[in-house]
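Examining the three-dimensional arrangement
Each chain is listed here by its residues.
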Amino acid sequence: MSNELLIVGQHLEPIISRLPPGVSTHCFWKETDQKDFFREAGPRIRIIATDAFTGASAGLMAALPNLEVVVNFGVGYDTIDTQFAKDHGITITNTPDVLNDDVADLAIGLMLAVCRRICVADRFVRDGLWREKNLFPLSTKMSGKHLGILGLGRIGMAVAKRAAAFDMPISYHSRHRRTDVDYEYYDSPITLAEAVDLLVVLVPETDATRGMVNASVMEALGPDGILINIARGPIVDEPALVKALQDGALGGAGLDVFAKEPHVPEELLTMENVVLQPHLGSATRDTRFAMAALVIQNIAAYFNGQPLVTPVDL
Ligand code: NAP
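Before going into details, it helps to say that this report is about the structure given with it. Computed from a predicted model, the values in this text were never measured in an experiment. (Residues numbered from 1 in each chain as written. Predicted model: local features only at pLDDT ≥ 70, side-chain atom pairs only at ≥ 80, totals over all residues. Heavy atoms only, no water.)

**Focus: the pattern of salt bridges**
Threshold: We count a salt bridge whenever a side-chain nitrogen from Lys or Arg sits within 4 Å of a carboxyl oxygen from Asp or Glu. To qualify as a helix, a DSSP run of H or I must reach at least 4 residues; to qualify as a strand, a run of E must reach at least 2; elements of each kind are numbered from the N terminus. Here the term buried applies to any residue with accessible area under 20% of the maximum for its type, exposed to any over 50%, and partly exposed to those in between, with areas from a 1.4 Å probe on protein chains only.
In total, this model carries 14 salt bridges according to the counting rule given. Between Glu272 and Arg117 there is a salt bridge; the shortest N-O distance is 2.9 Å. With a gap of 155 residues between them, Glu272 in the loop between β11 (252-255) and β12 (274-276) and Arg117 in the loop between α4 (100-115) and α5 (118-126) connect regions that are remote in the sequence. Residue classification places Glu272 among the partly exposed positions, given a relative accessible area of 45%. Residue class for Arg117 comes out buried when judged on its relative accessible area of 18%. The structure contains a network of salt bridges with shared partners spanning Glu4, Glu40 and Arg44.

**Focus on the site of the ligand**
Heads up, the condition is: Note on terminology: near, applied to a residue and a molecule or strand, indicates that one of the residue's heavy atoms is within 4 Å of it. Pairing of N or O atoms within 3.5 Å defines a polar contact, subject to two protein rules: one partner must be a possible hydrogen donor and the other a possible acceptor, and residues neighboring in sequence count only if both atoms are side-chain atoms. Methods summary: accessible areas were calculated by the Shrake-Rupley approach with a probe of 1.4 Å, and residue burial reflects only the protein chains presented.
Residues in close proximity to the ligand total 27 residues, the closest being Ile155, Arg175, His176, Ile230 and Asp256. Contacts to the ligand include Gly153, whose backbone N or O atom sits 3.1 Å from an oxygen atom. In this structure, His176 approaches the ligand through a side-chain N or O atom, which is 2.7 Å from an oxygen atom. The protein chains hide 87% of the 920 Å² of surface that the ligand would expose on its own.

**Focus on the sheet that holds strand β8 (residues 184-185)**
Our working rule: Strand pairing is defined by DSSP finding a minimum of two bridges between the two strands. When checking whether two residues touch, look at their non-hydrogen atoms; a contact exists if any pair is within 4.5 Å. In this analysis, axes come from line fits to C-alpha atoms, helices being fitted only over the stretch in contact, and the angle between any two N-to-C directions falls in the range 0 to 180 degrees.
The sheet built from seven strands is open, its strands ordered β8-β7-β6-β9-β10-β11-β12 with parallel pairing. Because the sheet does not close on itself, it has two edges, and the strands there are β8 and β12. Sheet topology note: the strand β7 (residues 170-173)/β8 ladder contains two bridges and is parallel. Paired with Ser171 across the bridge in β8 is Glu184. Lying on the sheet, α4 is in contact with β6 (147-150), β9 (198-201), β10 (226-229), β11 and β12; it crosses β10 at an angle near 150°.

**Side note on α4**
Put simply, the rule reads: By definition here, a helix of n residues has an expected span of 1.5 Å times n minus one.
A rise of 1.5 Å per residue sets the reference length of α4, with its 16 residues, at 22 Å; its end C-alpha atoms lie 23 Å apart and thus fit the reference within 8%. Across the 16 residues that make up α4, a large majority, 12, are buried. Of the residues trailing α4, Arg117 is marked for its positive phi of about 50°.

**Re the packing of aromatic side chains**
What counts is decided by this rule: Note on aromatic pairs: the rings of Phe, Tyr and Trp (six-membered ring only in Trp) are paired at centre separations within 6.5 Å, and the planes decide the class, stacked below 30 degrees, edge-to-face beyond 60, tilted for the rest. Put simply, a charge is over a ring when the Lys NZ or the Arg CZ is close to the ring centre, within 6 Å, and near the line of the ring normal, within 35 degrees.
Applying the stated criterion across every chain yields a total of six aromatic pairs. Arranged with centres 5.0 Å apart and planes meeting at 70°, the rings of Phe124 and Phe136 form a pair that is edge-to-face. Taken together, the residues Phe124 in helix α5 and Phe136 in the loop between α6 (129-133) and β6 connect sequence positions 12 residues apart. The exposure class assigned to Phe124 is buried, which follows from its relative accessible area of 10%. The exposure class assigned to Phe136 is partly exposed, which follows from its relative accessible area of 24%. Three or more aromatic residues link up through ring pairs in this structure, and these residues are Phe28, Phe37 and Phe38. Taking the ring centre of Phe289 as reference, the NZ or CZ of Arg18 above it sits at 3.8 Å.

**Quick word on the pairing of β9**
Just so we agree on the cut-off: Every crossover in which the path from the first strand over the helix to the second runs clockwise, viewed with the strands pointing away from the viewer, is termed right-handed.
Both faces of β9 are covered, namely the face carrying Leu198 and Val200 and the face carrying Leu199 and Val201. Examined bridge by bridge, β6 and β9 share four bridges and lie parallel to one another. From the neighbouring strand, Ile149 faces β9, where its bridge partner is Val200. Sheet analysis places β9 next to β10, joined by four bridges and oriented parallel. Across the sheet, Leu199 pairs through a bridge with Leu227, a residue of β10. Taken together, β9, helix α9 (residues 215-221) and β10 constitute a β-α-β crossover, and its handedness is right-handed.

Here it is as structure tokens:
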């Protein structure tokens, strides 16, 4: 069997030196004639590695007629054409759990930063306004506020664990009610938003969740409500978010992800009740190393003829 691995995500170049001996790699972005590469090496490629930003299109997978596995660096695999993979018996692996702590930490960080206006206060000090004006406006208490989690999965549970330490009552919406928690369950995003003070978005991006947080959900969250999106940009209707913040229909937002990254709507840049991050949920050295280790374990398992470590249930 071929020992060749095609790496399509440039973020994965550092894993090459950590791959098991005997695996020969092709870096797709270095191929000057990709058509020629597909013609010559395409039929030998059975496994590819990609990252959550690059994904794997149907076109790419179709050009590799013997493709069996797509190894993804990231838990979200919305940039991979899952329908094509399913239709062609291609298995996807991802990197679940190892990033839960970091993403949950940043979600809590965004909640605190919006409530306590940490970034605005930081600028107040840096700009010399503390000396000039003396008084910084009062902010909003976070401890004890009602937290809604849209998508109580692995990361959602890690957020809930942290929020409990802030004495925050927790409610959630997922498609299924969990039997292992006693948090209050709501059967829709809108009824959840009506009930809570802060709403953290943690559903995956799918056809069913794109645009799920729409104008009505934001209106239900209300003028004092805070929206945190640390899942994927397209889950939130971005123009509706801008409008809700401009109109005061929504109190504030903490955003790690955007509809068309790295584009961020101009209007958000000047809003003091909004905290922005350049998609950093899992971006610590520790976690990226652990994610890479899982990618390598999946690749090694494949070449050793062992079961994949973290296959996705498509
Ligand atoms: P997970 O364990 O699969 O949790 C996802 C949750 O969403 C589950 O509770 C699932 O429950 C619910 N869900 C799925 N489809 C739904 C729908 N249509 N309506 C309502 N609920 C739905 O995933 P995870 O590991 O926690 O990761 C969640 C997401 O975080 C990832 O998909 C990724 O996009 C994002 N993420 C972002 C970053 C970042 O850097 N910002 C980093 C890592 C992950 P049911 O099946 O019961 O519906």
